[in-house]
Amino acid sequence: MLISPPLQMFSDAQHEAGFCSMYEECGKNPTVSGSLLNSNVPCKNPGPAREVVGAHYDLFKEVCPMLDQGEGQTFACCSLQQLISLQSSVSLSKAILLRCPSCAYNFAHIHCITTCSPNQSQTINITRTIPVNISGTEKEAVVSYQAYVSTTFSDASFNSCKNVRIPATGGYAIGTMCGRYGSTLCTPQRWLDFQGDSSNGLAPLDIDFRLIPPEHNAAVPEGMVPYAGLALGCNETTPTGGEECSCQDCQESCPPVPPPGPLPEPFMIGNMDGVLAISLILFTILCLFFLIFLVVKCTNLFKKKKSKSGKDKNANDVHLNQTVNPKDITCTDRASLVTQKYLGSFFQSWGTVMARHPLKVIFASLLVVAAFTTGLMNMQLTTDPVQLWSAPNSRARREKDFHDENFAPFFRTNQLILTAPGRPSYIYDSLLFGTTNFSGLISKDLILQLLELQQRIQDIEFWSDELNKTATLKDVCYAPLNPDNPSLTDCAVNSLPQYFQNSVKNLNLKANMTQLGVTKEVDWRDHFIYCVNSPLSFKDITALNLSCMADYGGPVFPFLAVGGYDNEDYTAAEAFILTFSLNNYPRDDPKFKVVEQWEAMFLQIVQEYQKDPSTNFTFAYMAERSLEDEINRTTIEDFSIFMISYAVIFLYIAVALGEYSSFKRILVDSKFLVGLGGILVVTGSVLASMGFYGWVGIPSSLIIVQVVPFLVLAVGADNIFIFVLEYQRDVLQPGEKREEQIGRVLGSVAPSMLLCSISESVCFFLGALSTMPAVKSFALYAALAVLMDFALQMTAFVALLSLDARRQDGNRCEVACCFKVKTQRPAKPNKGFLLPFMEKYYAPVLLHPVSRRVVTVLFLFMFCASIFLMFNVKVGLDQELAMPTDSYMLTYFEYLNKYFEVGVPTYFVTTKGFNFSDVTGMNAVCSSVGCDQFSLTQKIQYATEYPERSYLAIPASSWVDDFIDWLNPGSRCCRIYTSGSNTGQFCPAYENTLTCLKKCMTLPSSGILRPSVKDFNTFLPSFLTNRPDLQCPKGGLGAYDTAVVWDNVTGEISASRFMAYHTPLRNSQEFTAALLTVRELAHNITMAMRRIPGTAEDFEVFPYSVTYVYYEQYITIVYEGVANICLCLLPTFVVCCILLGLDLRSGFLNLFTIVMITVDTVGVMTLWSIDYNAVSLINLVTAVGISVEFVSHTTRSFALSTLPTKVERAKEATAKMGSAVFAGVAMTNLPGIIVLAFAKAQLIQIFFFRLNLVITLLGMAHGLIFLPVLLSFFGPPVNKAVLLELQNNKAKEMDYSSTEHDNASFENDEIPISVLPETPQNETVQDSKKIIISKSF
């Protein structure tokens, strides 16, 4: 605000009402060079104001309606030619201000007062003139004057314009009219100073606006009267009929819009977290129930001991010797017996046949596997993240497909973010901008180095077989202003050097400039300061006379050129941003390979530049292909880790399966080939599964290649250990052949193997109901692989064990089969180390009365604590985790989050079925004057006012708004040829005015311009292909030519889009929340637009961004994961019940333990920072499968045991099956999992090492600690049908010799001594505390 003391008058004008200071034009301003417009200046011509009549009056009334006093009563100080020049000059600014009529009216008012007011001499004071000769007449050309304006008028005019938007950019129009200050720092004084600054290439002469507050009127020169006319508010109508401005351009016009409601309060119970309170209550209830159970049990035991305390002469409890009454047998007991007998008999016969013909079986198995494996030739490996994680029929995928089909895929980004840490900042004393702080990065030498790097990349050339020529950047680049035939300079490259049009010459320019009597040198720094604050300028205000526009013709917004600044302090930026935008092509398009090859060379150049010791930058970079490249690279590099993992597992299996009775027989008793055979069975099952789906056409993925073998190996190894260990512990019965023994052993363990395999396979098949392609394909591949693994174990592995048994019987060495050892095989079966340890130490300690109770309470606490933690697990997968630890992309993500000041763009896309050409339709979309207050773009604008809730930072660009402004006759954008060969056609703004005298439309009296349907269809194509320039900044080429899909036959718009920007989004949670928010906003817009007559019922507005397709899964992944896991848990219960003969209690206990493992796993995920996402879900589905292995074998062993008490049955099951499970599942998985800790990929380290380690340890803890205790308390009673079967067989067994007892099988069905007759032959049994009988099933 300037308050001026009385100044010396440079003119002899009479400063009184009705007198002029200037009149007529005196040619071009000789003091201005490089003007972008007509620089004609007025002549000094003091005298009375002239009456305006005829054509002069008509134009005067159009240009300066606020000065019109009626025909014959109107006087002015401007000639007709001056009016024409004024109209031309004002029309440039009005082109972006016309959307707000009162603002455009006030803007014209300002310049009409200084140029045409009949009281001109009271408002302006000429300060400088230059003699000129006009047609032989000497005159004085006015090149500078002072204009005295009251602050009441200037402030009101400024306030009416300060919020007017530019729809194409989402920014404020005032930012282009305030020079170096931009919209944020613009004030009325700075706004008017820019209008009167001839150095900006727009003003024809210098105007020194003196803004005088009303209370300081006495301070103005004598005779001068600061102009204090009426300035309209933006929410007022204009005298010419213009409506009030829209809400988007005028806050005073906004209807009362309630702010967003408060965020939902966290779930609380009192002052405690609600979930924590419920978990504590649940734990208390469970403990209370357990306590009540113990009290009731103790009471019942006491009563039984009191009523039945008798002992027989052998000290056996009398009640245990009671005979089983057939009437006491339930249907469930009978069904269980029948099921076990049938399965045992079937598998015994099956195993005997397989063992008798081992070579034939192995050969047949190889043929089957080979037949399936040939399908690998047709297998498709999916690496595209979109196809992996987004279902084809998901909403985001359908919206992406719609967008890409109509607008082409979003362009490919190749970007560098460069810093120069350690360089000190410095102060630059600018003539124009004052003392300015510059970071060490913003220096000329570094900008030149950046430009050199940029040009090296732009000069990339390579031979392309697809194009059959040398390909360059122009063949693949995104060229918004010349998409059909781009040159290299048409390619969209955004960087700081673009402010200098990538010219070293422009960067080196210097010039002396005088400002307020001070002369100083201006250079690139002055131009940079100006451009970052006014990026849409075609000419700066320095003596350099440079444009701010990039060489491709578009603006470079500062947030795309620099980063790491605060509060728009661009000169203090800490990072350069260099971005190459390329066209995106479908993968089957030949140009897709071309663009990928260009990006490969881009990466090569950047990496070479990074290694150059002379490089002064520290930087991060990425290409569009980088994510996929890095994931594939780490997969290949970590392949060796997986191979080592499998080798460790193989080595363990080969060593652990051996019997090792003596050192001399170590080569005979080892099971190296059996272990190798087990590995090959797993490999064959995985290959057969992959081959089958290759034939079917279901694509595979790298996750399947990595995880499925691991899963099947865990499952398969467990079955192998159970089978082989049971065989090693068994004794060949008299007269029994080795093949029959193998069949008998298989008959005893195969039902348990079947139970686990069927449960897991059905679990995975149900998991294939998932909508996520990666989860679905994994589940399908895993389900079939588990089935194939079981089938090969029942065939090839049985045959292989038969061959190995023959070798061992012949005392032949394992590898060198021709060599024999003399030491004979011991007659007593080898129990190994683990089984005796479990029997003698582990099981008794675990099932001690005190430890049982402690274990129960401890695991219940873990379960309830995990329920609380489960509700706090983070959902998502940050893209950094998909990268290996040594990836350059990790540095890029770090720089992106640190230096980028704007988020990803998002489009609000409209589908077919809305009439844009109708006035009602246009009003429902636009946001300028006359538009609905809750239109599409206006609602988006409301959302940007709350960026912390909407995640929207910049309002949507609107082709409808700019099209209406483009049609407005107040600008020169849309004209029609009135002469020449193109008569009647569209005439661009740069054409000579004399050949294009007709405007496309006339402005209605209401001031609200809307084209008719005919005009809409006629001029829309011209608008979309009109290149924006200084004369017409509203041209649609570049900004909107790809935003509208228009049928030139029917005139229907089948698709369009409106681009906004998100706030910077840092993690998965913010990306997901942003997607939910914009979807809610788009749905609200859709519902409102469907209510407009003529709108199709299926019309829709939806948001689209390149990131949505990746983050949509996290909206529903919790519910989908729960559903998938529940579907997996269901078959474990059902199959367990069926295969145990409808034993519901065993099935429930089995299910409860697996649920606990799963819940505890999710709880530990929270503690160990393992996020929940699709990869986690795959592992949790796997966890259910592995948990079946940990619990089902023990549950079945307990259910079939006939020992008298549950504790004894639990001890037996723990010792026998627990040892096999520990050796076969836990110890098979752990070594391989630990190896994965050395993988480079964070994805493997977190979701395969950490999560699988958690699953294995928790599975082992629940299967070997909690489940035996649970069964000892709540397990099913002894199957009375089994006892009756044994009772009926006792008479037959009494005839057997004690030798026969010694040779009997050492398997599940053990009968307590108390149920046998008292005979001397039982002494051996008394010693061993049990009698072994031949198997009935």
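Before any of the text, the structure's been laid out above.
Residues numbered from 1 in each chain as written. Predicted model: local features only at pLDDT ≥ 70, side-chain atom pairs only at ≥ 80, totals over all residues. Heavy atoms only, no water.

Each aromatic ring pair is characterised by the separation of its centres together with the angle its planes make. This model, assessed by the stated rule, comprises 59 aromatic pairs. An aromatic cluster of three or more residues is present, and its members are Phe914, Phe916, Trp959, Phe963, Trp966, Phe986, Phe1016, Phe1023, Tyr1040, Phe1058 and Phe1099. Geometry around tyrosine 181 places arginine 190 over its ring, the cationic atom sitting 3.9 Å from the centre. Sitting over the face of the ring of tyrosine 907, arginine 1057 holds its NZ or CZ atom 4.2 Å from the ring centroid. (Phe/Tyr/Trp six-rings, centres within 6.5 Å; stacked < 30°, edge-to-face > 60°. Lys NZ or Arg CZ within 6 Å of the ring centre and 35° of its normal.)

Bringing the packing of helix H35 (residues 1174–1200) against helix H36 (residues 1206–1236) into the picture now. Interhelical geometry of H35 versus H36 gives an angle of 155° and a closest axis separation of 8 Å. On the basis of their axis angle, the class for H35 and H36 is roughly antiparallel. Crossing angle aside, the handedness with which H35 passes H36 is right-handed. Contacts from Ile1186, Glu1189, Phe1190, His1193, Thr1194, Ser1197, Phe1198 and Ala1199 in H35 reach Lys1206, Arg1209, Ala1210, Ala1213, Met1217, Gly1218, Val1221, Val1225, Ala1226 and Asn1229 in H36. When the residues that make up the contact of H35 with H36 are grouped by side-chain class, the tally is ten nonpolar, five polar and three charged. (Axes fitted to C-alpha atoms, helices over the stretch in contact; angles between N-to-C directions. Helix = DSSP H or I, 4+ residues; strand = E, 2+ residues; numbered from the N terminus. Parallel < 35°, antiparallel > 145°, perpendicular 65-115°, else oblique. Left-handed = near helix turned anticlockwise from the far one by under 90°. Contact = heavy atoms within 4.5 Å. Nonpolar A, V, L, I, M, F, W, Y, C, P; charged D, E, K, R; others polar.)

This part takes up the pattern of salt bridges. One pass over the structure, following the stated rule, counts 27 salt bridges. One salt bridge in this structure joins arginine 744 and aspartate 730, with 2.9 Å as the shortest N-O distance. One end of the pair, arginine 744, is in helix H21 (residues 738–767); the other, aspartate 730, is in the loop between helix H20 (702–729) and H21, and 14 residues separate them in sequence. Residue arginine 806 pairs with glutamate 739 through a salt bridge whose shortest N-O separation is 3.3 Å. (Salt bridge = Lys/Arg side-chain N within 4 Å of Asp/Glu carboxyl O.)

Let us now look at helix H16 (residues 626–637). If you check H16, its first and last C-alpha atoms are 16 Å apart, about what twelve residues at 1.5 Å a residue would give, namely 16 Å. Those residues of H16 that sit buried are Ser626, Glu628, Glu630, Thr634 and Thr635. On its buried face, H16 is in contact with helix H10 (385–389), helix H15 (590–611), strand E23 (618–622), helix H17 (639–656), H20 and helix H25 (888–899). (Expected span 1.5 Å × (residues − 1). Buried < 20%, exposed > 50% of the residue type's maximum accessible area, 1.4 Å probe, protein only.)

With that settled, the discussion passes to the packing of H20 against helix H22 (residues 773–809). At a closest axis distance of 9 Å, the pairing of H20 and H22 adopts a crossing angle of 35°. As H20 packs across H22, the resulting crossing turns out to be right-handed. Facing Ile704, Val707, Val708, Leu711, Val712, Gly716, Asn719, Ile720, Phe723, Val724 and Tyr727 of H20, the residues of H22 in contact are Ser777, Phe778, Tyr781, Ala782, Ala785, Val786, Asp789, Gln793, Phe797, Val798, Leu801 and Ala805. Its residues assigned to classes, the contact of H20 with H22 comprises 18 nonpolar, four polar and one charged.

Here H25 spans 16 Å end to end across twelve residues, near enough to the 16 Å set by a 1.5 Å rise per residue. On its buried side, H25 packs onto strand E13 (412–419), strand E21 (562–563), strand E22 (575–582), H15, E23 and H16. Where H25 begins, one side-chain oxygen reaches toward the backbone nitrogen of methionine 889, 3.0 Å away; that side chain belongs to serine 887. (Polar contact = N/O pair within 3.5 Å; in protein donor to acceptor, adjacent residues only side chain to side chain.)

Below, the discussion takes up the nonpolar core. In this structure, Val708, Phe723, Phe778 and Phe1247 are the most contacted members of the largest nonpolar core, which totals 158 residues. Here valine 708 is in contact with Val686, Ile703, Phe778, Tyr781, Ala782 and Ala785, once residues within four sequence places are set aside. Counting residues in hydrophobic clusters, the runner-up holds 88 residues, among them Leu450, Leu451, Phe592 and Ala882. (Core = buried A, V, L, I, M, F, W, Y, C linked by side-chain atoms within 4.5 Å.)

Positionally, serine 160 belongs in helix H5 (residues 151–161). Reaching out from serine 160, the side chain makes a polar contact with the side chain of asparagine 106 at a distance of 2.9 Å. The residues touching serine 160, leaving out its near neighbours within four places in the chain, are Cys100, Ser102, Cys103, Asn106, Leu232, Gly233 and Cys234.

Moving on, we get to the state of the cysteines. Enumeration over the complete set of coordinates arrives at 15 disulfides. Through a disulfide, cysteine 477 is tied to cysteine 491; the S-S separation comes to 2.1 Å. Judged by the sign of its S-S torsion, about -70°, the cystine formed by cysteine 477 and cysteine 491 is left-handed. Taken together, the residues span a long stretch of sequence, with cysteine 477 in the loop between strand E17 (469–472) and strand E18 (493–494) and cysteine 491 in the loop between E17 and E18 at a distance of 14 residues. (Disulfide = S-S within 2.5 Å.)

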